[in-house]
Amino acid sequence: MEKNSIAPFPLIVVGGSAGSLEVILSFLPLLRKDLKVAILIVLHRSSDPDPVLQSLLSSKTSIAVKEAEEKELLMKGVIYIAPADYHLLIEKDFTFSLDYSEKVNYSRPSIDVTFEIAAEVFKERTTGILLSGANTDGTEGLMAVKATGGTTVVQDPSTASVPYMPQYAVSHAPVDHVLKAADIAAFINSQ
Amino acid sequence: MELNIIGDDEVEILLRDLIEIYGYDFTDYSRASLKRRINRIVLIGKFPSFAELRYKLKFDPDFLKEFIEQITVNVTEMFRDPSFYKTLREEVLPRLGTYPLIRIWHAGCSTGEEVYSMAILLKEINLYHKCLIYATDINPTVLEKAMKGMFPLSQMRKYSENYLLSGGKKEFSGYYSANYEFAKFDDALREKMIFSTHNLVCDRSFNEFQLILCRNVLIYFDKNLQARVFSLFDDSLENLGYLALGTKETLRFSPLAARFRQIINAEKIWRKIA
Ligand SMILES: C[S@@+](CC[C@H](N)C(=O)[O-])C[C@H]1O[C@@H](n2cnc3c(N)ncnc32)[C@H](O)[C@@H]1O
């Protein structure tokens, strides 16, 4: 197992629940094609077949969108989707692994789980972005991101169709940027 | 925020203790999950430090059992991934019907939900009487539960839905009787089940099978261990036998892939062809 290796590029983890898909669909077309980062999307959803979500997201951008597969090496310039019904983890060698353990915050995949492991592996090169939702998932994960020197971003609850999750984060976690839904693309492009 | 008392070095120390004292070798397991599980044990067990955890693990065999149970994730469901069971019901099991004796192995069966689902399928397509279903796991505690065939009653609604989606036509509740907060599954489903501990890391092939299921176990193993387990399965499968993996697991990158063919549809089921 490799240790203390430095993240080769920054990682942005986007976590969303109810009402977040529309935000993602609106920022995807605005992303620069030559992304200097890897993007990981962790979305709460019922366990319908993953290809549906993947083709929906792919239809909005020419950037490669794919489901994260176990043992796959993360690459910059790719948008990964956490598969339904597994927690998504990252190993020290920057490969994905999947975990079928208990739900966390009633959710699998859980946003906290992926934020925390991203913080551990990508350290200060991690950005966590938390979107609309009706859950408290994501807040603890943002704390972990902050604690390892990463950047924390939350969708402005007033622009969220379900404000509970981002509001909870804003009141409980150290948040660097509170962004309107419309400003998220520009933020990602600047990374 | 969750404090990670157990860092990477502590994980390695515990893994070494487990080998030296108990002969359990987890060194080829993916680290991210192991570390998360061990930190969860620390949190739930309120261990003040790594030293206490290590001490207890070394000197308390009862705690060892609990520890193993916690780090090897046991979550499971009946008829999980209904389309998978539909494929078994419609495509795989009927092809096994010509064998006089059908041997099936569930490797990493956990508390048995998968095994009872299989038994129900076999009953419904009238093959049960000529099957032997071997169900194994590294962890004796989950096997004891599996033998009882008692699952939380609160899950039955979901399982019943899964069952119907998998092509089941009967009344699912006909397979169990409610017993306080448990659903006790029919003893007739258990007649052909054989439960035994078997550690995929170090134990050998123990029979030849027509169907091996190993679902959501390999995701916890690193590539080397995955390769070793695939060759164990290859050794344990009859020619034209089937190997069924979890939805996110694949034989594709294994050197053995050439000897297997994924059956037509999208399910993670391979047939041994050579
Ligand atoms: C997540 S459960 C999967 C249960 C079931 N197959 C399913 O897919 O729902 C993983 C199981 O693998 C077992 N396991 C882990 N390591 C093992 C090993 N080395 N040998 C045998 N079983 C193992 C665990 O004890 C656990 O019961």
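None of the values given here were measured: they were computed from a predicted structure.

Caption draft 1: Broad picture of the interface of chain B and chain A. With 29 residues of chain B at the interface, the matching set in chain A holds 31 residues. With both sides pooled, the region where chain B packs onto chain A buries about 2,500 Å², and carbon together with sulfur makes up 47% of that total. For the pair chain B and chain A, the number of links is eight salt bridges. The residue Arg80 of chain B makes a salt bridge to Asp85 of chain A at a minimum N-O spacing of 4.0 Å. Where chain B meets chain A, there are 16 residue pairs in polar contact (both at pLDDT 80 or more). If you list the elements that add at least two residues to the side of chain B that touches chain A, you get helix H1 (8-22), helix H2 (31-44) and helix H9 (223-236) of chain B. Examining the composition of the side of chain B that touches chain A, we find that seven residues originate from one element, H2 of chain B, more than from any other. Looking at side-chain class alone, the side of chain B that touches chain A contains eight nonpolar, seven polar and 14 charged residues.

Caption draft 2: Structural view of the pattern of salt bridges. Enumeration according to the criterion identifies 30 salt bridges over all chains in this entry. In this structure, Glu77 of chain B and Lys158 of chain B form a salt bridge, with 2.9 Å as the shortest nitrogen-oxygen distance. With Glu77 of chain B in the loop between helix H4 (61-71) and helix H5 (82-96) and Lys158 of chain B in helix H8 (residues 156-165), this pair connects stretches of sequence that are 81 residues apart. Classification of Lys158 of chain B as partly exposed rests on a relative accessible area of 35%. Residues participating in the shared-partner salt-bridge network are Lys66, Glu69 and Glu72 of chain A together with Arg252 of chain B.

Caption draft 3: The site of the ligand, seen in detail. Residue and element names in this part refer to chain B. Taken together, 19 residues surround the ligand, and among them Tyr29, Thr76, Glu114, Asp137 and Asn199 come closest. Tyr29 places a side-chain nitrogen or oxygen 2.7 Å from a nitrogen atom of the ligand. Contacts to the ligand include Arg215, whose backbone N or O atom sits 3.0 Å from a nitrogen atom. For the ligand, the protein covers 98% of the area, taking 610 Å² as the surface of the free molecule. Given that more than half its atoms are within 2 Å of the pocket grid, the ligand belongs to the largest cavity. Partitioning the shell around the ligand into residue classes produces eight nonpolar, eight polar and three charged.

Caption draft 4: Molecular detail of empty space enclosed by the protein. All names here are of chain B. Across all of its chains, the model carries five cavities of 30 Å³ or more by this definition. The volume enclosed by the largest cavity comes to roughly 400 Å³. In terms of lining residues, the largest cavity is bounded by 24 residues, among which Val73, Gly108, Asp137, Asn216 and Val217 are the most central. Residues of the lining of the largest cavity, tallied by class, amount to 11 nonpolar, eight polar and five charged.

Caption draft 5: Here's a closer look at unusual backbone geometry. Put simply, Arg108 of chain A and Pro109 of chain A share a cis peptide bond, and its omega is 5 degrees. One can find Pro109 of chain A in the loop between strand E6 (96-99) and helix H3 (111-122). Phi angles above zero are rare outside glycine, and Lys123 of chain A is one such case at about 45 degrees. Mapped onto the secondary structure, Lys123 of chain A falls in the loop between H3 and strand E7 (126-130). In the Ramachandran plot, Asp81 of chain B falls in the positive-phi region, its phi being about 60 degrees despite a non-glycine side chain.

Caption draft 6: Up close: the sheet that holds E7 of chain A. Residues and elements named next belong to chain A. Taken in spatial order, the seven strands line up as E3-E4-E2-E1-E7-E8-E9 in an open sheet, and their pairing is parallel. Edge positions in the sheet fall to strand E3 (64-67) and strand E9 (177-179), since each has one partner strand and no second. The sheet shows a mean angle of 20 degrees between the axes of neighbouring strands, taken without regard to direction. Sheet topology note: the strand E8 (residues 151-155)/E9 ladder contains three bridges and is parallel.

Rules and cut-offs
- Residues numbered from 1 in each chain as written.
- Chains lettered and ligands numbered in written order.
- Predicted model: local features only at pLDDT ≥ 70, side-chain atom pairs only at ≥ 80, totals over all residues.
- Heavy atoms only, no water.
- Contact = heavy atoms within 4.5 Å.
- Buried area = accessible area lost by both parts, 1.4 Å probe.
- Salt bridge = Lys/Arg side-chain N within 4 Å of Asp/Glu carboxyl O.
- Polar contact = N/O pair within 3.5 Å; in protein donor to acceptor, adjacent residues only side chain to side chain.
- Helix = DSSP H or I, 4+ residues; strand = E, 2+ residues; numbered from the N terminus.
- Nonpolar A, V, L, I, M, F, W, Y, C, P; charged D, E, K, R; others polar.
- Buried < 20%, exposed > 50% of the residue type's maximum accessible area, 1.4 Å probe, protein only.
- Near = heavy atom within 4 Å.
- Areas by Shrake-Rupley, 256 points an atom, 1.4 Å probe, with all protein chains shown as cover.
- 1 Å grid on protein atoms, 1.4 Å probe; cavity = no way out; pocket = protein on both sides within 12 Å on 5 of 7 lines; lining within 4 Å.
- Sits in = over half its atoms within 2 Å of the grid points.
- Points joined across faces, edges and corners; volume = space filled by probe spheres on them.
- Pairing = 2+ DSSP bridges.
- Axes fitted to C-alpha atoms, helices over the stretch in contact; angles between N-to-C directions.

Treat this as a map of the structure, not an account of what it does.
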